[in-house]
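Below, each chain spelled out in residue letters.
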Amino acid sequence: MASCKSETKQALKTETVSFTKEGELSILATETDSLKTSFDIEIAESEYETQTGLMYRQSMEESQGMLFIFPNVSARSFYMKNTEFPLDIIYIDEGLKIVSFQKNAKPYDESSLPSNVPAKYVLEINAGLSDKLGLQVGDSIAFTRK
């Protein structure tokens, strides 16, 4: 048996939540169905995953995103509680079409960020990317699981 007093003190380490690639997502232009961009995605599907999302993470690569998949189509509302970096939140309907955006959501802001229309999927990407990539309502997504 070891005594606590003889052990050296160690600094507490908080575990970094790292990105886990679980699939790939493409965004296609409305008119042409041409590829606008693609992301490596982490998928949030369970109740715990959808409630936690990107909380407690310091950043995400520009080529990464989180896709939330809900069991039903409904008006959605997200917030930025415990989220450390700004995001663009993209709401997507059951037909895989983008229906609305909440752009440049501020870190730690607990204000409601509603979809304003029913959505089944939600894609979170780094703030500013929606505009930089020219994403629009009506663009469609396609995704595959790893």
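Coordinates for the structure precede this section.
The paragraphs below set out a description of the structure included in this document. Keep in mind it's a predicted model, so treat the numbers as computed, not measured. (Residues numbered from 1 in each chain as written. Predicted model: local features only at pLDDT ≥ 70, side-chain atom pairs only at ≥ 80, totals over all residues. Heavy atoms only, no water.)

## Focus: the sheet that holds strand β6 (residues 113-126)
Moving on, step 1. The sheet built from 7 strands is open, its strands ordered β5-β4-β6-β3-β2-β1-β7 with mixed pairing. In this open sheet, the two edge strands, each paired with only one partner strand, are β5 (98-105) and β7 (140-145). Averaged over all adjacent pairs, the angle separating strand axes in this sheet is 30°, with direction ignored. (Pairing = 2+ DSSP bridges. Helix = DSSP H or I, 4+ residues; strand = E, 2+ residues; numbered from the N terminus. Axes fitted to C-alpha atoms, helices over the stretch in contact; angles between N-to-C directions.)

## Description of the packing of aromatic side chains
Moving on, step 1. Enumeration over the complete set of coordinates arrives at 4 aromatic pairs.
Moving on, step 2. Here Phe 70 and Phe 78 contribute two aromatic rings whose centre-to-centre distance is 6.3 Å and whose plane-to-plane angle is 85°, an arrangement assigned as edge-to-face.
Moving on, step 3. Accessibility expressed as a relative area gives 13% for Phe 70, which makes it buried.
Moving on, step 4. Residue classification places Phe 78 among the buried residues on the basis of a relative accessible area of 9%.
Moving on, step 5. Considering the side-chain rings of Tyr 121 and Phe 143, the 5.8 Å spacing of their centres and the 65° angle between planes classify their relative orientation as edge-to-face. Of this pair, Tyr 121 sits in strand β6 while Phe 143 sits in strand β7, and the two are 22 residues apart along the sequence. (Phe/Tyr/Trp six-rings, centres within 6.5 Å; stacked < 30°, edge-to-face > 60°. Buried < 20%, exposed > 50% of the residue type's maximum accessible area, 1.4 Å probe, protein only.)

## Thoughts on the pattern of salt bridges
Moving on, step 1. Inspection of every chain in the model, using the stated rule, returns 7 salt bridges.
Moving on, step 2. Across the salt bridge formed by Lys 21 and Asp 40, the nearest N and O atoms sit 3.2 Å from each other. Taken together, the residues span a long stretch of sequence, with Lys 21 in the segment before β1 (23-28) and Asp 40 in strand β2 (residues 35-44) at a distance of 19 residues.
Moving on, step 3. Here Asp 40 falls in the partly exposed class, since its relative accessible area comes to 25%.
Moving on, step 4. Close ionic contact of Lys 132 with Glu 62 constitutes a salt bridge, the shortest N to O distance being 3.0 Å. (Salt bridge = Lys/Arg side-chain N within 4 Å of Asp/Glu carboxyl O.)

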